[in-house]
Amino acid sequence: MVIKDSIPRLEMISCVLCKDAPCSQACPKMDPAEALFGIWMDDQDVAALRLPEGNPCADCDAPCEKACISTDKVNIKNLMTRLVDVIRPESEVPLPETEDRLRCDICGIPIENPFLLSSSVVASSYDMCARAFEEGWAGVCYKTICNFDIHEASPRYSAIKGDNGTIVGFKNIEQLSDHSVAENMEIFRKLKAKYPNKFILASIMGQSEEEWTTLAEECEKNGADAIELNFSCPNMEEEGLGSDIGQVPELVEKFTRAAKKHTTIPVLAKLTPNVDVMKHAAEAAFRGGADGLAAINTIKSITGVNLYTGVSYPAVKGSSAVGGYSGNAVKPIALRFITELGMNPKLKGMHISGMGGIETWKDAAEFLFLGSGSIQVTTAVMKYGYRIIHELKAGLNYYLAQMGLDSVKDIIGAGLHSVSESTNVLDRNTVLFPKFDQERCIGCGRCVISCSDGGHQAISFENRKPKLDGSRCVGCHLCVLICPQNAIRPGNKRIKKQEH
Ligand SMILES: Cc1cc2nc3c(=O)[nH]c(=O)nc-3n(C[C@H](O)[C@H](O)[C@H](O)COP(=O)(O)O)c2cc1C
């Protein structure tokens, strides 16, 4: 399989990813908005293959671009033409006819694909869950149910934005479901009656053993397929609650056992990343009888400070608080914890439901590779809506077809063999040089600056072209990461250190 260049998101940065997009309404031949969204969600093969045969943009005066409501021009015709001319001819397999290869299970209970909404505002009412099911989500982890009186603060979010203006990290100070237990049970009954094949994971939080037992029992009686124990909400700090539970293995074990007491359905413990290692809580959940684990919940954070008031974000009547961080920025931390769980032989056989920063099918595939058996998403849905499920499913399905794999289960845990918790085990006697593509290089010199001031002074600049000095290069690959043109790649020449 060839690793291809993607059409970078940056090239459609002005596209606002509209609802009922005027570009698609103006185009008589296809759905450019769907294709643009496919590019945005790293799903360009599928986007290209969905377009009509031939070149639908030939001899067209681009009514899509005239209809576009973005304040900056979006080169829709150019992007569509690149999908047709560059991406489609390189697509290795046709679009799969079915999504059968996405079928998998949570603790033996079949699900139509690995994708669930994670417990949060995105899965907090009948209407929202029903719409998510209709869009194609296999299930929902419903907003955490509790007996507390919940009154949320306003505003309750803040964010870190990337260079292109989109949210990369997201902070919330939201607590739990503000419906009563009885209201939520009615919602479960209605959802199960209308969508018997969709998976309902009931997230619960109690304050005593009795409460964990009763809540779990109620959820099972009213149609939940499995229970998720919220041991990890960073925004519930009353005694014995929230992330504090996940930090105390004895409580995790005790409350897991309490939840299992009168239930027959699988129980997953949702763990906190606000710890050094997850194994203590995870193994405690196992001892308490948990069938699976879910990770990660949000990371305790402060996203920024208003420099005129000195109050950090979000400010609620002049005050703020530490809150939970999520979104794409937390993916590396989530993947690290998933790996830790996946590699632990004591947890073998436990289902791992992975989450934390998943936006695209590629993010999801990474979680699967490191041992997640199902995938949960919140922040990306808050950013883009339930519609991302189309790209998550199509992209993953296409990738599996391209790899000649019949089942998504074939990649679960397939990446664990190569990871180690310690960098000590890695070879330190060889160097892998970077390789420069002089044709792609536009001579910006960014690699020269970074290597000079942040590396090993191994790249010189001659006639606006970088030149590598092999005797100085240590093969750190900072230049590969920094190049804005993707013109520097890892080479294929690994040499012994003493030779260079
Ligand atoms: C606004 C918001 C509310 C949340 N509420 C809950 C909750 O009630 N229970 C829970 O277990 N996790 C809750 N979470 C955490 C998410 O389920 C998820 O673990 C976390 O956001 C990481 O996934 P993401 O990066 O896809 O958002 C919430 C997250 C957000 C952003």
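Being a predicted model, the structure only gives us computed values, none of them experimental.

Peer 1: How would you sum up unusual backbone geometry? Please name residues and give values.
Peer 2: The residue after Ser-154, namely Pro-155, is reached through a cis peptide bond having omega -10°. Looking at where Pro-155 falls in the secondary structure, it is placed in the loop between strand S4 (139-145) and strand S5 (157-161). Going from Ala-295 to Ile-296, the amide bond is cis rather than trans, its omega being 10°. The residue Ile-296 is located in the loop between strand S10 (292-295) and strand S11 (299-301) in this model. At Asp-59, a position not held by glycine, the phi torsion is positive, near 50°. Checked against the element boundaries, Asp-59 lands in the loop between helix H3 (44-50) and helix H4 (63-67). Residue Lys-317 is not a glycine yet carries a positive backbone phi of 50°. Tracing the backbone through its elements, the reader meets Lys-317 in the loop between S11 and strand S12 (323-326).

Peer 1: Got a sec to walk through the domain arrangement of the protein chain? Specific residues and values, please.
Peer 2: Each assigned domain of the protein chain is listed here: domain 1 (9-90), domain 2 (100-418) and domain 3 (426-495). A C-alpha centroid distance of 34 Å is found between domain 1 and domain 3.

Peer 1: So, the nonpolar core: which residues are in play, and what are the values?
Peer 2: Ranked by internal contacts, the top residues of the largest apolar core, which has 127 residues, are Met-80, Leu-83, Trp-137, Ile-388 and Leu-396. Counting residues in each nonpolar core, the second largest holds 16 residues, with Val-431, Val-448, Ile-459 and Ile-495 among its members.

Peer 1: So, the site of the ligand: which residues are in play, and what are the values?
Peer 2: The immediate surroundings of the ligand are formed by 23 residues, with Ser-119, Lys-143, Thr-144, Gly-357 and Thr-379 found nearest. In this structure, an oxygen atom belonging to the ligand sits 2.7 Å away from a main-chain N or O atom of Ser-119. A distance of 2.7 Å separates a nitrogen atom of the ligand from a polar atom in the side chain of Thr-144. When the ligand is considered free in solution it has 600 Å² of accessible area, and contact with the protein chains removes 99% of it. Taken together, the residues of the shell around the ligand sort by class into 5 nonpolar, 15 polar and 3 charged.

Peer 1: How would you sum up the packing of aromatic side chains? Please name residues and give values.
Peer 2: Summed over all chains, the structure comprises 7 aromatic pairs. A ring pair is formed by Trp-361 and Tyr-399, whose centres lie 5.4 Å apart and whose planes are at 35°; its orientation type is tilted. Here Trp-361 is found in helix H13 (residues 361-369), whereas its partner Tyr-399 is found in helix H15 (residues 388-402), with 38 residues between them in sequence. In this pair, the class of Trp-361 matches that of Tyr-399, namely buried. Through a chain of ring-to-ring contacts, three or more aromatic side chains come together here, namely Trp-212, Phe-231 and Phe-255. The ring of Phe-337 has Arg-336 lying over it, and the distance from NZ or CZ to the ring centre is 4.3 Å.

Peer 1: Please give an account of helix H12 (residues 331-343) that cites residues and values.
Peer 2: Over its 13 residues, H12 runs 18 Å from end to end, which matches the ideal 18 Å to within 8%, given 1.5 Å per residue. Burial in H12 covers these residues: Lys-331, Ala-334, Leu-335, Phe-337, Ile-338, Thr-339, Glu-340 and Leu-341. Residues of H12 that are buried make contact with helix H11 (279-288), S10, strand S13 (351-354) and H13.

Peer 1: Mind laying out the sheet that holds strand S8 (residues 226-230), listing which residues take part and the relevant values?
Peer 2: Spatial strand order, S3-S4-S7-S8-S9-S10-S13-S14: 8 strands in a closed barrel with parallel pairing. Each neighbouring strand pair of the sheet contributes to a mean axis angle of 25°, computed without reference to strand direction. Examined bridge by bridge, S10 and S13 share 4 bridges and lie parallel to one another. The partner of Ala-294 across the bridge, within S13, is Ser-353. In the packing of helix H7 (residues 181-194) onto the sheet, contacts are made with S4 and strand S7 (199-204), and the angle to S4 comes to roughly 170°.

Peer 1: Outline H7, listing residues and values.
Peer 2: The end-to-end C-alpha distance of H7, which contains 14 residues, comes to 20 Å, matching closely the 20 Å that a straight helix rising 1.5 Å per residue would cover. Looking only at H7, the buried set comprises Val-181, Asn-184, Met-185, Ile-187, Phe-188, Leu-191 and Lys-192. Along the long axis of H7, the arc covered by the buried residues comes to 155°, so they all point the same way. Facing away from the buried side of H7 by over 90 degrees, the exposed positions are Ala-182, Ala-193 and Lys-194.

Peer 1: Can you explain the pairing of strand S6 (residues 167-172)? Please cite residues and give values.
Peer 2: For S5 and S6, the ladder comprises 5 bridges, and the chain directions are antiparallel. In the sheet register, Ala-159 faces S6, and the bridge partner there is Phe-170. In sequence, S5 turns back onto S6 through a hairpin of 5 residues, with Gly-165 there showing a positive phi of about 90°. Across 3 bridges, the pairing between S6 and S12 is antiparallel. The residue bridging Asn-172 from the neighbouring strand is Gly-324, located in S12.

Peer 1: For the pattern of salt bridges, give the residues involved together with the corresponding values.
Peer 2: Enumeration over the complete set of coordinates arrives at 23 salt bridges. Across the pair Lys-221 and Glu-218 runs a salt bridge, and its minimum N-O distance is 3.3 Å. Linking Lys-221 with Glu-218, this pair stays in helix H8 (residues 209-221), spanning 3 residues, or about one helical turn. Accessibility expressed as a relative area gives 62% for Lys-221, which makes it exposed. Judged by relative accessible area, which is 26%, Glu-218 ranks as partly exposed. Here Asp-363 makes a salt bridge to Lys-331, at a shortest N to O gap of 2.9 Å.

Peer 1: Pulling in residues and values, what's your account of the side chain of Thr-378?
Peer 2: Here Thr-378 shows up in the loop between strand S14 (374-377) and helix H14 (379-384). In this structure Thr-378 touches Ser-118, Ser-119, Ser-120 and Val-122, once residues within four positions along its chain are discounted.

Peer 1: Now, about the sheet that holds S12: what can you tell me, with residues and values included?
Peer 2: Spatial strand order, S5-S6-S12-S11: 4 strands in an open sheet with antiparallel pairing. Both edges of this open sheet fall to S5 and S11, since each of them pairs with a single strand only. Across the sheet, the mean angle separating the axes of adjacent strands is 35° when strand polarity is ignored.

Peer 1: Would you mind going over the packing of helix H10 (residues 249-260) against H11 in detail, with residue names and values included?
Peer 2: At their nearest, the axes of H10 and H11 sit 8 Å apart, and the two run at 30° to each other. Between H10 and H11, the angle falls in the class roughly parallel. Note on packing geometry: the crossing formed by H10 with H11 is right-handed. In this structure, H10 uses Pro-249, Val-252, Glu-253, Thr-256, Arg-257 and Lys-260 to contact H11, whose residues at the interface are His-280, Ala-281, Ala-284, Ala-285, Arg-287 and Gly-288.

Thresholds, definitions, all that
Think of each chain on its own: its residues are numbered from 1, step by step along the sequence as written. Only residues with pLDDT of 70 or above have their local features reported here, since the model is predicted, and side-chain atom pairs are shown and tallied only from 80 upward, although totals for entire chains, interfaces and linings are computed over all residues. As a rule here, side-chain values cover all heavy atoms of the structure and leave hydrogens and water aside. Helix and strand definitions here come from DSSP, where helices need a minimum of 4 consecutive H or I residues and strands a minimum of 2 consecutive E residues; each element is numbered from the N-terminal end. Residue ranges for the domains trace back to a domain assignment, done automatically or taken from a database. Take the buried Ala, Val, Leu, Ile, Met, Phe, Trp, Tyr and Cys residues and link them wherever side-chain atoms come within 4.5 Å; each set so joined is a nonpolar core. Whether a residue is buried, partly exposed or exposed follows from its accessible area with a 1.4 Å probe, protein chains only, as a fraction of its type maximum: under 20%, in between, or over 50%, in that order. The rule for a residue being near a molecule or strand is that one of its heavy atoms must lie within 4 Å of it. For this analysis, a polar contact is any N or O atom pair within 3.5 Å, provided that within protein one partner can donate a hydrogen and the other can accept it, and provided that sequence-adjacent residues contribute only side-chain to side-chain pairs. Using a 1.4 Å probe, the Shrake-Rupley method yields the accessible areas, and only the shown protein chains count as cover for residues. Side-chain classes are defined by residue name, with Ala, Val, Leu, Ile, Met, Phe, Trp, Tyr, Cys and Pro counting as nonpolar, Asp, Glu, Lys and Arg as charged, and the others, Gly among them, as polar. Put simply, two rings from Phe, Tyr or Trp (the six-membered ring, in Trp's case) pair if the centres are within 6.5 Å, and we call them stacked under 30 degrees between planes, edge-to-face over 60, tilted for the rest. For a lysine, the NZ atom is tested; for an arginine, the CZ atom; a charge sits over a ring if that atom is within 6 Å of the ring centre and within 35 degrees of the ring normal. Here the expected span of a helix is defined as 1.5 Å times the quantity of residues minus one. The contact criterion used is simple: two residues touch if any of their non-hydrogen atoms lie within 4.5 Å. Any two strands with at least two DSSP-identified bridges between them are counted as paired. Angles shown run from 0 to 180 degrees and are taken between the N-to-C directions of axes, each axis being a line fitted to C-alpha atoms and, for helices, limited to the stretch in contact. Directions drawn from the helix axis to the C-beta atoms are what define this arc. Note on definitions: salt bridges are taken to be side-chain nitrogens of Lys or Arg within 4 Å of carboxyl oxygens of Asp or Glu. Each angle gets one of four labels, with under 35 degrees taken as roughly parallel, over 145 as roughly antiparallel, 65 to 115 as roughly perpendicular, and the rest as oblique. Handedness of a helix crossing follows the sense of rotation of the near helix relative to the far helix, less than a right angle counterclockwise being left-handed and clockwise being right-handed.

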